[in-house]
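What follows is the residue order along each chain.
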Amino acid sequence: SPSLWWDGAIVSIREVIAKTGIDPAEIAGVGLTGQMHGLVLLDGEGNVLRPSILWNDQRTAAQCDEIRARLGKARLIELTGNDALTGFTAPKILWVRDNEPEVYARVRHILLPKDYVRYQLTGKPGMDVADGAGTILIDLRTRSWSADVLDALGIPHEWLPPLYEGPEITGHITAAAAAATGLKEGTPIMAGGGDQAAQAVGVGAVREGIIALTLGTSGVVFGSVDKPFFEPEGRLHAFCHSAPATWHLMGVMLAAAGSLSWLKEQVFPTQSFDDLTRSAKAAPAGSDGLFFLPYLTGERTPHADPLARGGFIGLTARHGQAHMVRAVLEGVGFALRDSYELVARHFPSEQATELRITGGGARSQLWNQVIADILNTPLTTLRVEEGAAYGAALLGGVAAGVWSSLEEATAETIHPGPVVQPSKDRTLYEDRYALYRQLYPALRETFHRLGS
């Protein structure tokens, strides 16, 4: 519920002010970040019309087909950098049109989750170009709303908010927001970025050569580029970056740490995450032939298949908890390699200099080692865990004049930690990855029959 996001923002801001003891008058600005792709619909008075439809919702397959039919897949990718996928915002808009016409008739504003918080803070609609690109309604080359796409889909241009670059001021704290949050009236609110672009800023991936890997609920492999990027088959996402005049390509798996959360909640509910990952050390690399497919909510990269299913493959009576947990860690690592290979191939070997990992799952030394082995690539850890929030703060600092550029801000504030080197297990994982790659094609037809 958007009202809960606003309530949460109020609590979070008040807690930060209380814990730090900072005078609100000293706060130079507020940067924003949040979940991408979610749909928030408002009427003409700014009232929320329905609960938000979030990034991981898979209900829009028919609307994705309609978008491809109206524009053509190749033309859609040429304009927006992306195919129409069920998680994106544009098909969600059409789903509301088709299934809730009484709601659609009252729509006057379309926002994303964090931009509803912006609206409450400033009284003005606004959106950064990085998060906006995830709607697939933006022309990737011009970093502006695409008239071609909006007209083809029949979405009124006036429903979309003004667009801003990440380190730009979008408005100021109103008197009502000041009273609610404790911030000073008139404090500037910066554009910020969607969680993945802000995360990349937070780990210093604002130039070509640094690839960011996020091991959160979803898993993301993110590479910055200095020109618009188009992957012909749409297997990679191509969005504007929060860094001005910069774009990025991104591979996304939907259930990374989310797969381990599922295993804990459904199979081992009395054990902590630390207990689970400690138990996995008892299983050998390769989990004695047990595989896990992490397609618990469908998959994006590289399959773009909302009907993909998860599962353990090769389960026998000799397998126990340690094997199951380790198979989940490895299955996520294999799925991340699918994205990593697609991203890394677009950088010359001398240019892709560093792979940096962050996110809640990166707290596990074992998981970091498994991923380094599967990717056969050194993995740089970071002392900053909350990369997206940190990136939003850096974007806010650039807009407020604390730093002259994002390059200066990241060079001054981001300090890489220990590097995890691939171990001797990398050879075994090379063979296991080849087997893993055979599983989805072999099961795809079954998945689709189950999904139908």
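The structure reproduced in this document is the subject of the present report.

Thresholds applied
- Residues numbered from 1 in each chain as written.
- Predicted model: local features only at pLDDT ≥ 70, side-chain atom pairs only at ≥ 80, totals over all residues.
- Heavy atoms only, no water.
- Helix = DSSP H or I, 4+ residues; strand = E, 2+ residues; numbered from the N terminus.
- Rg over C-alpha atoms; globule rule 2.2 N^0.38 Å.
- Buried < 20%, exposed > 50% of the residue type's maximum accessible area, 1.4 Å probe, protein only.
- Contact = heavy atoms within 4.5 Å.
- Pairing = 2+ DSSP bridges.
- Right-handed = clockwise from strand over helix to strand, strands pointing away.
- Axes fitted to C-alpha atoms, helices over the stretch in contact; angles between N-to-C directions.
- Arc of directions from axis to C-beta.
- Core = buried A, V, L, I, M, F, W, Y, C linked by side-chain atoms within 4.5 Å.
- Polar contact = N/O pair within 3.5 Å; in protein donor to acceptor, adjacent residues only side chain to side chain.

**Focus: the overall build of the protein chain**
Secondary structure assignment for the protein chain yields 17 helices and 19 strands. Expected size for 452 residues packed as a compact globule is a radius of gyration near 22 Å; at 22 Å, the protein chain falls within 12% of this value. Projected onto its principal axes, the C-alpha positions of the protein chain cover 65 × 50 × 45 Å. Residues classed as buried in the protein chain amount to 57% of the 452 residues present. Sequence separation of at least 24 residues holds for 74% of the intrachain contacts in the protein chain that already meet a minimum separation of 6.

**A closer look at the pairing of strand β18 (residues 379-382)**
On β18, burial covers both faces: Leu 379 and Thr 381 on one face and Thr 380 and Leu 382 on the other are all buried. Sheet analysis places strand β17 (residues 354-358) next to β18, joined by two bridges and oriented parallel. Bridging across to β18, Ile 357 finds its partner in Thr 381. Each parallel crossover has a hand, and the one from β17 via helix α14 (residues 365-375) to β18 is right-handed. Judged from the three bridges that link them, β18 and strand β19 (residues 416-420) form a sheet pairing that is antiparallel. In the strand pairing of β19, Thr 380 is matched with Val 419.

**Concerning the sheet that holds strand β11 (residues 210-215)**
What the seven strands build is an open sheet, ordered β13-β14-β12-β11-β17-β18-β19; its pairing is mixed. For this open sheet the edge positions go to β13 (237-240) and β19, each flanked by a neighbour on one side alone. On average, adjacent strands in this sheet sit at an angle of 30° to one another, irrespective of strand direction.

**Some points on the environment of Ala 152**
With respect to the helices, strands and loops of the structure, Ala 152 is situated in helix α8 (residues 147-153). Spatially, the C-alpha atom of Ala 152 lies 6.8 Å from that of Leu 71, the residues being 81 residues apart in sequence. Non-local contacts of Ala 152, meaning those with residues more than four positions away in its chain, are made with Arg 70 and Leu 71.

**Observations concerning helix α16 (residues 406-413)**
Restricting attention to buried positions, one finds in α16 the residues Leu 406, Ala 409, Thr 410 and Thr 413. Axial view of α16: buried residues confined to an arc of 90°, hence all on one face. Contact partners of the buried residues in α16: α10 (195-202) and α15 (387-399).

**A look at the nonpolar core**
In this structure, Ile 110, Leu 137, Ile 155, Leu 213, Leu 215 and Ile 371 are the most contacted members of the largest nonpolar core, which totals 118 residues. The dominant element in this core, judged by the number of residues it contributes, is helix α13 (residues 321-344), at 13 residues. When sequence neighbours within four positions are dropped, the list of residues in contact with Ile 371 reads Leu 213, Leu 215, Gly 333, Leu 336, Ile 357 and Leu 379. Counting residues in hydrophobic clusters, the runner-up holds 19 residues, among them Ile 13, Ile 17, Tyr 119 and Leu 183.

**What about the environment of Arg 318?**
Relative to the elements of secondary structure, Arg 318 occurs in the loop between β16 (311-313) and α13. Its relative accessible area of 55% is what places Arg 318 among the exposed residues. In the structure, Arg 318 is positioned 85 residues away from Glu 233 in sequence and 41 Å away in space, judged by C-alpha atoms. Residues contacting Arg 318, with those up to four places away along its chain left out, are Asp 288 and His 323. One polar contact links the side chain of Arg 318 to the main-chain carbonyl oxygen of Asp 288, over a distance of 3.0 Å.

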